[in-house]
Amino acid sequence: MNSDQPLRVLVVLAHPDDPEFYCGGTVARWVSEGREVTYCLLTRGDKGDDDVETDPEQLAQKRMAEQREAAKVLGVTEVIFLDHPDGYLTPDLTLRRDVVRVIRQVRPEIIVTCDPTNFFPSDRYINHSDHRAAGQATLDAVFPAAGSGLYFPELLQEEGLHPHKVEQVYVAGAQHPNTIVNVTKFFDRKLSALKEHASQIPNIEALEKNLRERMLDTDSPPDAPRYIERFMRIDLRR
Ligand SMILES: [Zn+2]
């Protein structure tokens, strides 16, 4: 890796299991290249079950434990949970300030989040409102708030957190990706990390089949399939 390449990565997404689904292969690859990856999950996933008998607090504890194990599989340095209520995430100033605080603490060169404009990732799925809210709050936090001393000055005055400018943003689940990351060598690692989210994945074989279809680079030869993750990459240094 070139010495001028960014080293610190902060992944900001809504729920436990989102990082592995959206960018697990890329995270594994970056860690193998010497980058330091931190996760920030905006909720603890306390509504990740449809059963009215489920205790949300017990579910949250289980999902945080699953997330920490999955992060360990990928070599992620730290997992931060912000504990906004699952399902009700709103891209308001409170959430924006919370993300700015974490950006100013972690001081990453790269942020990964998801596309707030993507309502319909496929014709079988409506994108979760939390995913859209997480993407919007994070992009709004990156620019201009995290890098400007005039935004949330109390973070400096009360918590000593200086402004920080992020260099690149990788938007996962993007409607219009402009960047692919080859994660062929890290496909199995991503799948192993996803297996840690047992409460969310009833059938790992079906998931593997689905991922092999979705992540396949259709330009690769059939006897040597290449697996990729796609992003809209924004370079704020230019
Ligand atoms: Zn999610």
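Quantities reported herein were computed from a predicted structural model and do not represent experimental measurements.

Visitor: Kindly report on the overall build of the protein chain, identifying the contributing residues and their values.
Guide: Helices and strands together make up the secondary structure of the protein chain, namely seven helices and seven strands. Starting at the N terminus and ending at the C terminus, the protein chain contains elements arranged as β-α-β-α-β-α-β-α-α-β-β-α-α-β. At 17 Å, the protein chain has a C-alpha radius of gyration in line with the 18 Å of a compact globule built from 238 residues. For the protein chain, the residues scored as buried account for 42% of the 238 residues in total. Looking at the protein chain alone, contacts between residues at least 24 apart form 77% of all its contacts between residues at least 6 apart.

Visitor: Now, about helix H1 (residues 18-32): what can you tell me, with residues and values included?
Guide: Its 15 residues place the ends of H1 20 Å apart at the C-alpha level, agreeing with the 21 Å of an ideal helix rising 1.5 Å per residue. Of all the bends in H1, the largest measures some 80° and sits at Gly24. Judged by how many residues are buried, H1 sits mostly within the fold: 13 of 15 residues are covered.

Visitor: Any details on helix H4 (residues 129-142)? Residues and values, ideally.
Guide: Taking 1.5 Å of rise per residue, the 14 residues of H4 would be expected to cover 20 Å, and the 20 Å separating its terminal C-alpha atoms lies within 8% of that figure. In terms of residue burial, H4 counts as a mostly covered element, since 13 of its 14 residues are buried.

Visitor: Residue-level account of the pairing of strand S4 (residues 110-114), with values.
Guide: Among the five residues that make up S4, five are buried, leaving the element largely enclosed by the rest of the structure. One ladder, built from three bridges, connects strand S1 (residues 8-13) with S4; its direction is parallel. Opposite Leu10, over in S4, you have Ile111 as the bridge partner. Note: S4 against strand S5 (residues 168-172), five bridges, orientation parallel. Within the sheet, the bridge partner assigned to Val112 lies in S5 and is Tyr170.

Visitor: Could you give an account of the packing of H1 against helix H6 (residues 187-195), naming the residues involved and the relevant values?
Guide: Between H1 and H6, the least distance of the axes is 8 Å, while the angle of their chain directions is 135°. Here H1 is positioned oblique relative to H6, judged by the angle of their axes. As for the relative orientation of H1 and H6, their crossing is right-handed in sense. In this structure, H1 uses Glu20, Gly24, Gly25 and Ala28 to contact H6, whose residues at the interface are Phe187, Arg189, Lys190, Ala193 and Leu194. Along the lines of polarity and charge, the residues of the contact of H1 with H6 split into four nonpolar, two polar and three charged.

What counts as what
Residues numbered from 1 in each chain as written. Predicted model: local features only at pLDDT ≥ 70, side-chain atom pairs only at ≥ 80, totals over all residues. Helix = DSSP H or I, 4+ residues; strand = E, 2+ residues; numbered from the N terminus. Rg over C-alpha atoms; globule rule 2.2 N^0.38 Å. Buried ≥ 20, exposed ≤ 12 C-beta atoms within 10 Å, placed from the backbone. Contact = placed C-beta atoms within 7 Å. Expected span 1.5 Å × (residues − 1). Bend = angle between axes of the 7 residues up to and from the residue. Pairing = 2+ DSSP bridges. Axes fitted to C-alpha atoms, helices over the stretch in contact; angles between N-to-C directions. Parallel < 35°, antiparallel > 145°, perpendicular 65-115°, else oblique. Left-handed = near helix turned anticlockwise from the far one by under 90°. Nonpolar A, V, L, I, M, F, W, Y, C, P; charged D, E, K, R; others polar.

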